[in-house]
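The chain contents come next:
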Amino acid sequence: MNTRPTVLVAGAGIGGLTAALAARRQGFPVTVFERRTSLRVETSGTGVTIWSNATTALSALGLRDRILRAGVPIRESRLVTERDVPVLHTPVQRYTAPGSTPGVTIARGALARVLTDACEDAGVRIRFSADITRHRVDGDRVTVRLDDGTEVRGGVLVGADGLRSRTAARLLGDTEPVYTGVTTYRGVSDTDCGVPPGTVHLFQGRHGVNGGAWHIGNGQVTWTVGHPAPPGGQDVPGRRRARILELVEGFQGPPQCLVRHTPEDRLLRTDLYYSNWYDKWGEGPVTLLGDAAHAVTTVLGQGACQAVEDAVVLGDELGAAPHDPVGALRSYEEARRERVRSVRETIFRVASAPRVDNRLLRPLFLRLTRYFATRNQEAMWRGLQQPPHLRATPAPDAVVQP
């Protein structure tokens, strides 16, 4: 008889699916509720960077080979100006923990399929088109109500339902996200335009226009171009590519080529938000992870990585105290809080670094940037890519029996 309580997960994004797999491998029955259809989960978005801290955490769940097959291992990152002049080169793979898994660049849909397949193989139940509208706590149990009126009871509710999390709103009250002041365009090009595999290629121009590009497998390269803009802006239908080309006009190297080789229907526009900091992530049998708890900006690409770390540590803490799930949730929150705070501070420090647009002063500024950044890169990246410490997670080829 299974004495472990059922874990209910709100959201089948990267964090939610990873949490479901981590809890299932500890012997917990798990059901995931996702308001979207499976097709939309797999095809939404473009590509993501999953740095070594997160790929190593996923490897602890037995996913190392699948992740490396689906993605492109990262060797380095490089930052160039709009004239394609090198500013900073970082051999990020050198700055990983001993015995860790290399980071990868990967299509978001490919990562979703890896996680979905692994969950289904492990016996996780994923219910698509199932929207949790509310939850209530009865002692150490929790009941969720779905949009079709049905109710499901469990021992744990994990809110992995993103930046505008309903679970967080019910738990914390007002959790309105904060606009960064930046809107971003994204796409997937069928031509690499000179971006080498294994390189996260970043470019920075004047007037706040910047972006990046990286391989995601099958010869495709995903890219992003961001710039300051009011929230809620709209593009003239059929003119989105033209607008992006205006932003990267004068850029040398890959940016214009990548935009020109991306079909109009693959061009996405997204306003970027982050969340305020909350010390409280949970209460009773309910907890939060990923963007629902601590959404950050896209700078340094750690949003999805921190969700993965959260999820694996959550499963680990549940495995360490299978008969005290509420205590395990508080242990998870305590274990993660300072790590996430540290990563967040690094992200905002990098994001707030000064920029100089003046053509005469900019060369000197870039030289100074290169000098000071080079001195700090190794320590920063070693810190970011430190994988979580796990104490109860079984070997990748083992599953705890209930």
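The coordinates are above.
Quick caveat: nothing in here was measured; it's all calculated off a predicted structure.

Conventions and cut-offs
- Residues numbered from 1 in each chain as written.
- Predicted model: local features only at pLDDT ≥ 70, side-chain atom pairs only at ≥ 80, totals over all residues.
- Heavy atoms only, no water.
- Helix = DSSP H or I, 4+ residues; strand = E, 2+ residues; numbered from the N terminus.
- Rg over C-alpha atoms; globule rule 2.2 N^0.38 Å.
- Buried < 20%, exposed > 50% of the residue type's maximum accessible area, 1.4 Å probe, protein only.
- Areas by Shrake-Rupley, 256 points an atom, 1.4 Å probe, with all protein chains shown as cover.
- Pairing = 2+ DSSP bridges.
- Axes fitted to C-alpha atoms, helices over the stretch in contact; angles between N-to-C directions.
- Contact = heavy atoms within 4.5 Å.

Asker: Which residues make up the overall build of the chain, and what are the values?
Answerer: Tallying secondary structure elements over the chain gives twelve helices and 19 strands in all. For the chain, the C-alpha radius of gyration of 21 Å lies close to 21 Å, the compact-globule estimate for 402 residues. With respect to the principal axes defined by its C-alpha atoms, the chain has extents near 70 × 45 × 40 Å. Across the 402 residues in the chain, those meeting the buried criterion constitute 53%. Counting every atom, the chain has about 17,500 Å² of accessible surface; 50% of that belongs to carbon and sulfur.

Asker: I'd like a description of the sheet that holds strand β9 (residues 132-138), backed by residues and values.
Answerer: Ordered by their spatial adjacency, three strands build an open sheet running β9-β10-β11, and the pairing between neighbours is antiparallel. Looking at strand neighbours, the two that pair on one side only are β9 and β11 (151-154), the edges of this open sheet. Going across the sheet, the axis of each strand differs from the next one's by a mean of 20°, ignoring polarity.

Asker: I'd like to hear about the sheet that holds strand β12 (residues 156-159), residue by residue, with values.
Answerer: Ordered in space as β8-β2-β1-β12-β19-β18, the six strands form an open sheet in which the pairing is mixed. Among the strands making up the open sheet, the edge pair consists of β8 (125-128) and β18 (282-283). Together, β1 (7-10), β2 (30-34) and β8 form the strand contacts of helix α1 (residues 14-25), whose direction differs from that of β2 by roughly 170°.

Asker: For the pairing of strand β16 (residues 220-228), give the residues involved together with the corresponding values.
Answerer: Most of β16 is tucked away, with seven of its nine residues classed as buried. Pairing of strand β15 (residues 210-217) with β16, which is carried by seven bridges, proceeds in the antiparallel orientation. For G212, the partnering residue across the bridge sits in β16 and is T224. Where β15 hands over to β16, the hairpin turn is made up of two residues, of which N218 adopts a positive phi near 55°.

Asker: Kindly report on unusual backbone geometry, identifying the contributing residues and their values.
Answerer: One non-glycine residue, H207, adopts positive backbone phi at about 60°. Positionally, H207 belongs in the loop between β14 (199-204) and β15.

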